[in-house]
Amino acid sequence: MAPITQASDETNHQALLDKLDLFGIPKPFRNPNWKPPQRRNKNVKQIISDASRKEASLQVTGTNNSGSSTPLVPTTDGALTPAVAGASSNGSSGLNMAHATQRLDRLVLERNQQAASLAVPGAAALPQSMTVTYTNIESAPSMHPSSQRRYCDVTGLSAPYTDPKTRLRYHNMEIFALIRQMGQSSTEQYLAARGAHTVLK
Amino acid sequence: MPAAVPTPMAIDSTVNSGRNSPKPAPSKIWTLNEPPFEGVKPIDTQGWAKSTEKTAIVIDFGSSTVRAGWSFDKRPRITLPPLMASYRDRRINRSFTFVGSDVFSDGTARGQSKNIYEPGSNIVNNWSVAEGVLDYVFVKLGIAGESGTIERPLVMTEPVANLGYARKTMSEILFECYGAPSVAYGIDSLFSYRYNGGRTGLVVSSSYTSTHVIPVVNSKALLSQSARLNWGRYQSAEYLLKLLKLKYPSFPGKISDPQAEDLVRDHCYISQDYENEISSYLDWTGLEDRDRIIQHPFTEQVIIQKTEEELARAAEKRKESGRRLQEQAAKMRLEKLIRKEEELAYYKQLQQKVQEATTKKETKRLLDGDEFSNEEKLDKKIKEMEKSIKKARNKDVGEEPEEAEVPVFPLLEVPDAELDEDGIKQKRQQRLQKSGYDARQRAKAEKAAEKARLEEEQRLDDEHRENHPDQWIEERQASRNLLLQRIKERDRLKADLGNRKSLANQMRMKNIANLASDTPTKKRRRGGDDDNFGADDNDWGIYRTIQKDDVSDDEEEEDLDAALKEVESQLLKFDPNFTEENTRDAETDWTKSLMHAFLRGPWPFDPESQREANQLHLNVERIRVPEVVFQPAIAGVDQAGIVEIASGILNERLADHASRADLLKDVFLTGGNTTFQGFEERLARELQAVLEAGSPLRVRRAQDASLDAWRGAARWAGEAGNTKYFVSRAEFLEKGAEYIKEHELGNGM
């Protein structure tokens, strides 16, 4: 109950709050009988672990489209064949190694699908879209040598040296002197900013 | 500002020392933004009146901003951050609910506010807040809700590959709580791409919590070929805060998250050549343009400034009172002197009387009357008084007391046997006086000898220098290096003692334990119980070494620094190769310090000033923070950067794709995190480098990187042909909460 902006002061703050408050405003569009389910707030980790369990069961049954969505009918008016089908029909096998290497489970899934499509001749014509999940579109770790570039943990400048004691990277002698004066906790914080800190589990 | 203006003296000294000259005062100092409270927003019923049962409500349910409006609108009617504060004030027994920027109007509300989304992700985490935000949207859109429902179809945006649970819960709320007749979901960046007229291209969408790269062919997104990088403006702001916390560990103020986001948006830019730019970022030349000062609010300690007149008056007053004191003292001295003179006159009279007295009895009577045992005592008293009067007179006149004649000690030569008791006493006294006098003489002689020795030394040194100048310089250099070494060692020891685990400290603890124990464990060289402690004077040094904050340290410190100054001044005078630049002062000058440039820019820092202590300097951070999208490893994100992702999609996954050339011709940037200056150019340049030579590449930016997603969604919602992609309430009831209909701009299963 304290004003923190120029919009109000002690005298008119309560009046402003009364105007802003949404609690007492009628909301006739809401279903008065609506009872939210218990414990519906889940964090991403929980949701993903639930989803991956479900995904695994889908894989066993081998069905990609379980009827929880209506697939978009591919447009055939243009000169182009549906994109995904095109991608899978060219090349030697339709198995795209490049993206299969991104995730092992995807590779396995794709192999399974390929085997299925070879067994059933008509299946190859279907749009063979991969199941896209929240986790498998996450981009893979970098393979490019540029990700090995080193920058000073303190100043962000290029870092030709690494202190073997603290594992901090540093730019020059002056920064090194500073690093050696730092305590353990700030060293760890610097490492944490680069994601290289020690995590005890 | 006065602190940054270099004094004329500072400029002079820079000319010959090679130090960097301080820059003129900073031309602009930025401030932190106020809490982003936007004022009371009115309820907008005009849209509701214009709408029909077919008109959709369009909500861009973003993680930085929720935008809502009608499908016929050109811009969203409502814009708010996805925040809600809902709490009960126990003092007045009343519940409050504040949504959106309203939470920034009040201290308690801001403290209680919660976000819809899990921090740093695009997945809804707090569904009560989500409901609160939807309530706010529908209230402000003026939904009448006579039938107990919102009565209008809804178009919502959702993240790429939204998690089933998130969509299910959202559908449940929309259909069951708000009674929506039908709902459609689509991907925000694809809406934006469509709004900007794209059909085939590579959509690079960097938004608040994540960055997506999505190839679109013939208006249909190839979601299976898309990729997400977990980095957006939220992470950038968080990273900046982390860096600033490390940069200024004892910063007195606090920077809030919205303020950090504003700092990222206002001051950061994408470097075109990161490697080169960062390596020269803290160079002295032009640092004043690269360095940005952010002033945190502060309260300056009030120093009452006195006017010239007041100062003069105070000085006059002081002088006046001093003079009065002096006068008083002089008066008192004079009175004392007069009294003494009177006394002296009396005693002289007495002396005369005694001398005139004829009988011994008379003499004794006279002397006893003034408590003198014999005549000598009286003489002595008179002599003393004369001396003190002379001294007092001298003091008033300011005369130097004349050189005392060499005192004589006649009794010392006389053997004890020839003296009576009184004589022996006097002899003892004389002996004491003589030893004191001798000591003074000795000290005087010693002083003179020392002076002579120094002069001799100086003479020899001068001679040596004149005869062997090179050797002399060499020696001086060596002694200077020795001093520097000792200073360094002292500093290191000091630092080491602060660290409990350092070798120096461990040795100290060992020594303490050893001294305290009854049976010292120290091995003796030659046996025997006597450890000879104290035989060598250095043994006592142990007590000095175990003392932590040594008082004598300061003396030594002064000594070393003074000695170094002395040696350096000699070198400056006689060594032609040793210039002002080489002195330790110049070498440790702040203008040469990289850390100073990093922390305080090219300006001097006054630790006393509250104003400067509350300043943040953004320099390297300005390009270091947004660079993470290109090099996630900088911030410890174990993912490929957007160029590597895009090249992976273009050169590997879609290498043989028929539309690859078309994709290259339209690389499309959208999302708030792409609005950094230089983003387009950098991406184009780096992409060109990973493509084969001569590939036709075109990178373009959305007209409005933040708003176009909503506009695209509104346009899509308004097109009659798209009604078939809405999930109706009946379908929801029949097919379940996770059911959606695939369309070109939405997620598939």
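Residues numbered from 1 in each chain as written. Chains lettered and ligands numbered in written order. Predicted model: local features only at pLDDT ≥ 70, side-chain atom pairs only at ≥ 80, totals over all residues. Heavy atoms only, no water.

As annotated in an unreviewed UniProt entry, chain B carries the name Actin-like ATPase domain-containing protein and comes from Microthyrium microscopicum.

An unreviewed UniProt entry annotates chain A as Vps72/YL1 C-terminal domain-containing protein originating from Microthyrium microscopicum. Entered under Subcellular location (unreviewed entry) in the UniProt record, the comment concerning chain A runs "Nucleus". (UniProt positions renumbered as here; feature names shortened; annotations may be inferred.)

Draft legend 1. Region of the structure containing the overall build of chain B. Assigned secondary structure in chain B consists of 27 helices and 19 strands. Scaling as 2.2 N^0.38, a compact globule of 749 residues should have a C-alpha radius of gyration of about 27 Å, whereas chain B reaches 46 Å, well beyond that. The burial tally for chain B puts 45% of its 749 residues in the buried class. Across chain B, the fraction of contacts at a sequence separation of at least 24, relative to all contacts at a separation of at least 6, is 68%. Entry remark: accessible area of chain B is about 41,100 Å², with carbon and sulfur atoms responsible for 50%. Here chain B holds 112 positive side-chain charges and 128 negative ones, and the gap between their average locations is 4 Å. (Helix = DSSP H or I, 4+ residues; strand = E, 2+ residues; numbered from the N terminus. Rg over C-alpha atoms; globule rule 2.2 N^0.38 Å. Buried < 20%, exposed > 50% of the residue type's maximum accessible area, 1.4 Å probe, protein only. Contact = heavy atoms within 4.5 Å. Areas by Shrake-Rupley, 256 points an atom, 1.4 Å probe, with all protein chains shown as cover. Lys, Arg positive; Asp, Glu negative; His and termini not counted. Charge placed at Lys NZ, Arg CZ, Asp CG, Glu CD.)

Draft legend 2. Seen up close, the interface of chain A and chain B. Contact with chain A, which involves 88 residues of that partner, is made by 104 residues of chain B. With both sides pooled, the region where chain A packs onto chain B buries about 8,200 Å², and carbon together with sulfur makes up 57% of that total. Where chain A packs against chain B, one counts 7 salt bridges. Glu131 of chain B is the salt-bridge partner of Arg30 of chain A, the closest N and O atoms lying 2.6 Å from each other. (Buried area = accessible area lost by both parts, 1.4 Å probe. Salt bridge = Lys/Arg side-chain N within 4 Å of Asp/Glu carboxyl O.)

Draft legend 3. Expanded view of the domain arrangement of chain B. Domain assignment breaks chain B into domain 1 (46-196 + 707-735), domain 2 (308-440) and domain 3 (468-518 + 537-578). Computed over C-alpha atoms, the centres of domain 1 of chain B and domain 2 of chain B are 105 Å apart. (Domains from an automatic or database assignment.)

Draft legend 4. Representation of the sheet that holds strand 5 (residues 83-89) of chain B within the structure. Residues and elements named next belong to chain B. Pairing is antiparallel in the open sheet, where 3 strands are placed in the order 6-5-7. Each edge of the sheet is formed by a strand with only one pairing partner; in this case those strands are strand 6 (94-99) and strand 7 (114-115). Pairing of strand 5 with strand 6, which is carried by 6 bridges, proceeds in the antiparallel orientation. Across the sheet, the residue bridging to Asp89 is Arg94, located in strand 6. Across the face of the sheet, helix 4 (residues 127-140) comes into contact with strand 5, strand 6 and strand 7 while running at roughly 100 degrees to strand 5. (Pairing = 2+ DSSP bridges. Axes fitted to C-alpha atoms, helices over the stretch in contact; angles between N-to-C directions.)

Draft legend 5. Broad picture of the pattern of salt bridges. This structure, assessed with the given rule, holds 42 salt bridges over all chains. For Arg194 of chain A, the salt bridge is made with Asp153 of chain A, and the minimal N-O distance between the two is 2.7 Å. Within this pair, whereas Arg194 of chain A is found in the segment after helix 7 (184-193), its partner Asp153 of chain A is found in the loop between helix 5 (104-119) and strand 2 (161-162), the two being separated by 41 residues in sequence. For the pair Arg194 of chain A and Asp153 of chain A, one class covers both residues: buried. Between Arg700 of chain B and Asp666 of chain B there is a salt bridge whose closest N-O contact spans 2.7 Å. Taken together, the residues Arg700 of chain B in strand 17 (residues 699-701) and Asp666 of chain B in the loop between helix 24 (660-665) and strand 16 (667-670) connect sequence positions 34 residues apart. The two residues Arg700 of chain B and Asp666 of chain B agree in class, both being buried. A single salt-bridge network, built from bridges that share partners, covers Arg30 and Arg40 of chain A together with Glu131 and Asp135 of chain B.

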